[in-house]
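Structural overview for review
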Amino acid sequence: MICVIVLLCSCLRLLNGVFADEVKSVSVMEGDSVTLHTDLIHIYTHDVILWMFGVQSPDEIIAEIYREADITSFINERLKNHLQIDDQTGSLIITNITTEHTGLYQLEINRKPSVLIRHFNLTVYARLPVPVISSSQCSSSSSSSSCCVLCSVLNVSHDVSLSWYKGKSLLSSISVSDLNIRLSLPLEVEYQDTNTYRCVVNNPITNLTQHLDITHVCHTSAGLSHVMFAVLSFILLLHFKMSVFKVKSLFSLSVLQLVSSVVVLLKL
């Protein structure tokens, strides 16, 4: 019964000259430009073209073209500085795009006696931060030959994941759907490990990679530990020698006092 009703509604729309297609998904990075195409070769004299926008549904007119009156206007004050219209095709061009432009766009072409409607689902992704790899504290169960590192990214946006790879093999991954949070992913390797490790942050359309330099990150950490151990050993040795020197000094002083006393007694 439901299928029959849907079919009847579709037939009525076609009889009324209203044609609509499926929603087209478009993804773009923040700061780039994107064109939502009308697929028209040119605009006729009596054509009226409306572009609408909304986060949940396209309910606000943002641009309109009345070719007969030679009028092209941008309605939305918040978006108009980013909008352009292709004079020949009526396609909508969004420049220097921001995440605020994410949402649903509707194109309505009134070409009597028919109306063509198209929908676009535009997703704008924020620029990815560069991953930072740093040394971290190993757990008590880690071996003495292990090096522990941490890969982190700050202020990531939605649909971002952070992953560790060993060569081409995925070792671990973490993702987030919230905004402006920090992602961190640990990794434990051996000091003498010669494999290639890389930390990758990515969203659905791009990624950034940071390679792990074990010699720099791990050996620097180990080197600092060795230096601290050497300094501590030197301090303990110095303290021991000073203690021995003090004992010897006290012993020498006692012997001198004893000899002096004996000399005094002999004089008597």
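Our structure is the block above this text.
Summary of the structure given here. (Residues numbered from 1 in each chain as written. Predicted model: local features only at pLDDT ≥ 70, side-chain atom pairs only at ≥ 80, totals over all residues. Heavy atoms only, no water.)

Notes on the nonpolar core
Core analysis: the largest hydrophobic core is formed by 24 residues, its most contacted members being Ile49, Trp51, Ile62, Leu92, Ile94, Tyr105 and Leu122. Each residue touching Leu92, except ones within four places of it in the same chain, is listed here: Val34, Thr35, Leu36, Trp51, Ile62, Leu83, Gln84, Ile85 and Tyr105. Among the nonpolar cores identified, the runner-up in size contains 22 residues, and Val153, Tyr197, Cys199 and Val201 belong to it. (Core = buried A, V, L, I, M, F, W, Y, C linked by side-chain atoms within 4.5 Å. Buried < 20%, exposed > 50% of the residue type's maximum accessible area, 1.4 Å probe, protein only. Contact = heavy atoms within 4.5 Å.)

Examining the state of the cysteines
A covalent bond bridging the sulfur atoms of two cysteines is what the word disulfide describes. Considering all chains together, one arrives at 3 disulfides under this definition. The disulfide partner of Cys138 is Cys148, and the gap between their sulfur atoms is 2.0 Å. Between Cys138 and Cys148 the sulfur-sulfur dihedral comes to about 120°; the bridge is accordingly right-handed. Residue Cys138 is located in the loop between β10 (132–135) and β11 (146–156), and its partner Cys148 is located in strand β11; the two are separated by 10 residues in the primary sequence. Assessed through its relative accessible area of 9%, Cys148 is described here as buried. (Disulfide = S-S within 2.5 Å. Helix = DSSP H or I, 4+ residues; strand = E, 2+ residues; numbered from the N terminus.)

Section: the sheet that holds strand β7 (residues 92–94)
Ordered in space as β2-β7-β6, the 3 strands form an open sheet in which the pairing is antiparallel. Bordering the open sheet on either side are β2 (34–36) and β6 (83–85), each of which pairs with just one other strand. Along the sheet, successive strands turn relative to each other by an average axial angle of 25°, direction set aside. Pairing geometry for β2 and β7, over 3 bridges, is antiparallel. Counterpart to Val34 in the pairing with β7 is Ile94. (Pairing = 2+ DSSP bridges. Axes fitted to C-alpha atoms, helices over the stretch in contact; angles between N-to-C directions.)

As for the packing of aromatic side chains
What the rule picks out here adds up to 2 aromatic pairs. Here the basic side chain of Arg198 rests over the ring of Tyr165, its NZ or CZ set 4.5 Å away from the ring centre. (Phe/Tyr/Trp six-rings, centres within 6.5 Å; stacked < 30°, edge-to-face > 60°. Lys NZ or Arg CZ within 6 Å of the ring centre and 35° of its normal.)

Brief notes about the pattern of salt bridges
On inspection of all chains with the given rule, the structure shows 3 salt bridges. The salt bridge partner of Asp32 is Arg127, with a shortest N-O separation of 2.9 Å. Here the residue Asp32 occupies a position in the loop between β1 (18–29) and β2, and Arg127 occupies one in the loop between β9 (114–125) and β10, the gap between them amounting to 95 residues. Between Arg118 and Asp39 there is a salt bridge, and its shortest N-O distance comes to 3.1 Å. Taken as a pair, Arg118 in strand β9 and Asp39 in the loop between β2 and β3 (48–54) lie far apart in primary sequence, 79 residues in all. (Salt bridge = Lys/Arg side-chain N within 4 Å of Asp/Glu carboxyl O.)

Honestly, that's just the spatial picture; any functional story needs more than this.
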